[in-house]
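Below, each chain spelled out in residue letters.
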Amino acid sequence: MTRREIRVNRAATAWLVRRFIDRDAEFLFVDPDDVARVERDTGAIGFDAPGARYPHKDVRGRCSFEALADEHCAGDPVLARLARIVRSADFSDEIDLTREGAGLRAISHGFPLVSKDDHETLARSAFLYDALYASLQSENEERS
């Protein structure tokens, strides 16, 4: 569960959960002020929101995508690289962390502009994250 109007980190984190952690995960998109309450009342796992189990930025400076990738997929170097890109795109003060960050940020900010709701954004953005993961994986294999 996360805040409405998903963009960079929220779309990427939902993709990560569905692809690598729980294929059957269902997502709730609520007002930012409701995330902590809904998490407490329903047991849903909140991310990228005030009071969520996985906050926008944790005490180690990670976005929720990074935290979940570290926790559930630590052995995947491609996801680790993708996590840096998501962090770069999501945190404006870290936009130069990766060369891909600015592009992902620009594309992601268009998500709510071309989707009727967050569920459609999630479905449509999955292709973007699948393609980015595949591209990074291919680069990783070429280096090996």
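For the structure, check the block above.
Keep in mind that what you see is a predicted model, and the values were worked out from it rather than measured.

Cut-offs and rules
Residues numbered from 1 in each chain as written. Predicted model: local features only at pLDDT ≥ 70, side-chain atom pairs only at ≥ 80, totals over all residues. Heavy atoms only, no water. Phe/Tyr/Trp six-rings, centres within 6.5 Å; stacked < 30°, edge-to-face > 60°. Buried < 20%, exposed > 50% of the residue type's maximum accessible area, 1.4 Å probe, protein only. Helix = DSSP H or I, 4+ residues; strand = E, 2+ residues; numbered from the N terminus. Lys NZ or Arg CZ within 6 Å of the ring centre and 35° of its normal. Salt bridge = Lys/Arg side-chain N within 4 Å of Asp/Glu carboxyl O. Expected span 1.5 Å × (residues − 1). Bend = angle between axes of the 7 residues up to and from the residue. Polar contact = N/O pair within 3.5 Å; in protein donor to acceptor, adjacent residues only side chain to side chain.

Student: How should I be thinking about the packing of aromatic side chains in this particular structure?
Tutor: Remark: the centre distance and the inter-plane angle together describe each pair of aromatic rings, the angle taken between the planes. All chains considered together, the criterion is met by five aromatic pairs. Consider the rings of tryptophan 15 and phenylalanine 20, whose centres lie 5.6 Å apart with planes at 70 degrees: the pair is edge-to-face. Tryptophan 15 sits in the buried class, given a relative accessible area of 3%. Where phenylalanine 20 meets tyrosine 133, the ring centres are 5.3 Å apart and the plane angle is 55 degrees; that geometry is what we call tilted. Taken together, the positions of phenylalanine 20 in helix H1 (residues 8–21) and tyrosine 133 in helix H7 (residues 118–143) put the pair 113 residues apart, joining distant regions of the chain. What makes phenylalanine 20 partly exposed here is its relative accessible area of 32%. Given a relative accessible area of 12%, tyrosine 133 falls into the buried group. Among the aromatic residues, those joined into a cluster by ring pairs are Trp15, Phe20, Tyr129 and Tyr133. It is lysine 57 that lies over the ring of phenylalanine 91; its NZ or CZ is 4.6 Å from the centre.

Student: Any chance you could explain the pattern of salt bridges here in plain terms?
Tutor: A side chain with one charge can pair with a side chain of the opposite charge if their charged atoms come near. The full count for this structure, using the stated rule, is 19 salt bridges. The partner of glutamate 139 in a salt bridge is arginine 99, and the shortest N-O contact between them spans 3.7 Å. Remark: arginine 99 occurs in the loop between helix H4 (77–90) and helix H5 (101–109) and glutamate 139 occurs in helix H7; sequence separation between them is 40 residues. Among the residues examined, glutamate 139 registers a relative accessible area of 23% and is labelled partly exposed. Three or more residues joined by partner-sharing salt bridges are found here, namely Arg81, Arg99, Glu100, Glu139 and Arg143.

Student: Looking at this structure, I do not really get H7. What am I missing?
Tutor: Relative to the 38 Å expected for 26 residues at 1.5 Å per residue, H7 spans 37 Å between its end C-alpha atoms, a close match to the ideal helical length. At serine 125, H7 shows its strongest bend, of approximately 30 degrees. Taken together, the buried positions of H7 are Asp118, Thr121, Leu122, Ser125, Ala126, Tyr129, Leu132, Tyr133 and Leu136. In this structure aspartate 117 caps H7, since a side-chain oxygen of it lies 3.1 Å from the backbone nitrogen of histidine 119.

Note that every value here comes from positions in space, so none of it alone points to a role or purpose.
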